[in-house]
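# Chains, contacts and geometry: an overview
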Amino acid sequence: MEFRSQNLKTTRSLSLGRFHISEDYGFLLPNPLEELPDHYRPWMEIANKLPHLIESHQLRAQVNKMLLLNCQFLRSYQEQRLAHLVLSFIIMGYVWRGETQPIEVLPRNLAPLFVEVSRNLELLPILVHSDLVLTKWITRNPERPLDIRNLDTSVLFTGGENLHGFILVAVLVEKAVVYGVKALIQAVNAVLQPSDSLFQALQLRLSIQDITGTSGQMHDYVDPDIFYAVIQIFLSGWKDNPAMPVVIYEGVSTEPLKYSGGSAAQSTVLHAFNGFLGIRHSKESADFLLRMRDYMPPSYKAFIEEIQPAPSLRNHILFSGNGPFLTSYNQCVEALAELRSYHITVVTKYLITATAKAKGRRPSHLPVPPQALEERGTGGTAVLSFLKNVRNKTLEAILPQSG
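Residues numbered from 1 in each chain as written. Predicted model: local features only at pLDDT ≥ 70, side-chain atom pairs only at ≥ 80, totals over all residues. Heavy atoms only, no water.

## Quick word on unusual backbone geometry
Selection rule: Only DSSP runs of H or I covering at least 4 residues are called helices, and only runs of E covering at least 2 are called strands; the numbering of each starts at the N terminus. Partly exposed residues are those whose accessible area sits between 20% and 50% of the maximum for their type, while under 20% is buried and over 50% is exposed, using a 1.4 Å probe and protein chains only.
Its identity as a non-glycine residue notwithstanding, His20 has a phi of 60 degrees, on the positive side. Inspection of the secondary structure assignment puts His20 in the loop between helix 1 (8-11) and helix 2 (41-48). On the accessibility criterion, His20 (48% relative accessible area) is partly exposed. A positive phi angle is found at His57, which is not glycine, with a value near 60 degrees. Mapped onto the fold, His57 is located in the loop between helix 3 (50-55) and helix 4 (59-64).

Shown next, in the form of structure tokens:
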């Protein structure tokens, strides 16, 4: 299905259902599948043994002798999402750690199928945030609350419990987004059709603060040394990445195809908050964030594009002269800046400090990531300078108090 943005001035209202956003789970895919139809058993057998195949350097040999399958038996949307997840994990393992060095050609029995599944979903043929997080959660007991003890994941790389924790904390962050997205919808509609609900909707700062608090569980479940040495390589793409200059998708193109790796910048919610609050980033940061939208499910990208042309909340509050509205707006911006600052703290711990520690203790039993990946995010940016720039531009959106 193709989603096209409409002008909010004529639409006059915004709803979650129009963009396939769940009332209960937000951007998470409700009830994701754990198994594909039997025709795809060769994919699932490799995916379920992925950590062992990577560690034993058998993955490439297993993939190279895999039968060429047909995508026509993927009938439901959820089956296609799981297929994209499974193939993306196999491909990232194949490229980065199939044996000892990255490989620059994806085989003919895998690449065209992955591209076909990606086209059907209007996603790009690489591991994206919607694979790693939005499609990858399983509830152990549907009757219990959705907390980390009641969650599990399906396919994994190496990294064991650390990768498990990294993914599940990200799932909980996406679950924490639900209230904020509902408040955002309410606020956009309140600006379009002025009502007393705007002040209540501006309490979305509480959701932003909840996202920050939930993110803090990363420190409990993910070892920085394991993330840096073992996990991050599998999330890295082959665009703006000096560690992997080219990747050929055999049977698709004779020219290299360049895609960024999975990144938090591919999460829809921060783009939506930016648009709603009127945050204006520098050209370089804005260009990168705009490109990250291409890695989102198309309905989520359309959601962002629907919010941006809405009548400006910032201008509405600035010219309303309403002091409580202005204070609430500024509290939302400050909460978003605090979330950005927290992200800087996490990146410093899990990438910058971990890099320095790894250099100081070599030789080590842990793998040594390519030097070119030092201080780079999985999306390909010089991550610390990017995040600081984004945080500082967020702070610039704070409105001056009158009087």
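## Examining the packing of helix 8 (residues 160-192) against helix 13 (residues 268-277)
For any two helices packed against each other, one specifies the crossing angle of their axes together with the interaxial distance. Quick note on the threshold: Helix axes are fitted to C-alpha atoms over the stretch in contact, other axes to C-alpha atoms as well, and angles between N-to-C directions run from 0 to 180 degrees. Every angle not falling under 35 degrees, over 145, or within 65 to 115 is termed oblique; those three ranges are roughly parallel, roughly antiparallel and roughly perpendicular. In this scheme, a crossing is called left-handed if the near helix is turned counterclockwise away from the far one by less than a right angle; it is called right-handed if the turn is clockwise. Contacts: residue pairs with any heavy atoms within 4.5 Å of one another. Charged residues are taken to be Asp, Glu, Lys and Arg, nonpolar residues to be Ala, Val, Leu, Ile, Met, Phe, Trp, Tyr, Cys and Pro, and polar residues to be all remaining types, Gly included.
Relative to each other, helix 8 and helix 13 sit at 30 degrees, their axes nearing to 11 Å. Judged by the inter-axis angle, helix 8 sits roughly parallel to helix 13. Where helix 8 crosses over helix 13, the two elements pack in a sense that is left-handed. Residues Val177, Gly180, Val181, Leu184, Ala187 and Val188 of helix 8 touch helix 13, and the partners they reach there are Val269, Ala272, Phe273 and Phe276. A breakdown of the residues in the contact of helix 8 with helix 13 according to their chemical character gives nine nonpolar, one polar and no charged.

## A few points about the nonpolar core
The following threshold applies: Buried Ala, Val, Leu, Ile, Met, Phe, Trp, Tyr and Cys residues that are joined via side-chain atoms within 4.5 Å together make up what is termed a nonpolar core.
Of all hydrophobic cores here, the largest spans 138 residues; its most connected members are Trp43, Phe157, Trp238, Phe276 and Phe303. Here the element with the most residues in this core is helix 8; it accounts for 20 residues. Leave out the neighbours within four places in its chain, and Trp43 touches Leu36, Met66, Leu69, Ala83, Val86, Leu87, Ile90 and Leu113.

## Digging into the confidence of the model for the chain
Note the following rule: Predictor confidence is given residue by residue as pLDDT, running from a minimum of 0 to a maximum of 100.
Residues of the chain with pLDDT of at least 70 account for 88%, and the chain-wide mean is 86. Confidence, expressed as mean pLDDT per element, reaches its minimum in the chain at helix 1 with 40 and its maximum at helix 6 (residues 111-121) with 97. Contacts from residues 1-12, a stretch scored under 50 in pLDDT, to residues over four places away or in other chains number 25 contacts.

## Some remarks on the side chain of Asn330
Tracing the chain through its elements places Asn330 in helix 17 (residues 323-360). Looking at Asn330, the relative accessible area reads 5%, which means it is buried. Residues within four places of Asn330 in sequence aside, it is in contact with Ile398, Leu399 and Gln401.

## Side note on the environment of Pro37
Take Pro37: it is sitting in the loop between helix 1 and helix 2. For Pro37 and Ala83, which are 46 residues apart along the polypeptide, the C-alpha to C-alpha distance reads 10.0 Å. Ignoring any residue separated from it by four or fewer positions in sequence, one finds Pro37 in contact with Phe73 and Glu79.

## Examining the packing of aromatic side chains
The condition that has to hold: Note on aromatic contacts: the rings of Phe and Tyr and the six-membered ring of Trp form a pair at centre separations within 6.5 Å, being stacked when their planes are under 30 degrees apart, edge-to-face when over 60 apart, and tilted otherwise. A ring has a charge above it when a Lys NZ or an Arg CZ is no more than 6 Å from the ring centre and no more than 35 degrees off the ring normal.
The final tally for this structure, using the stated rule, is eleven aromatic pairs. Ring centres of Phe27 and Tyr300 lie 4.9 Å apart, and the angle between their planes is 75 degrees; this geometry places the pair in the edge-to-face category. Here Phe27, found in the loop between helix 1 and helix 2, pairs with Tyr300, found in helix 15 (residues 298-307); they are 273 residues apart in sequence, far enough to count as distant. The burial state of Phe27 is the same as that of Tyr300; both residues are buried. In textbook terms, an aromatic cluster arises when at least three aromatic residues are bridged by ring pairs, as seen for Phe19, Phe27, Tyr300 and Phe303. Here the basic side chain of Arg60 rests over the ring of Tyr94, its NZ or CZ set 5.8 Å away from the ring centre.

## Considering the environment of Glu122
The topology assignment puts Glu122 in the loop between helix 6 and helix 7 (129-134). Since its relative accessible area comes to 35%, Glu122 is described here as partly exposed. When the C-alpha atoms of Glu122 and Pro297 are compared, they prove to be 6.8 Å apart, with 175 residues separating the residues in sequence.

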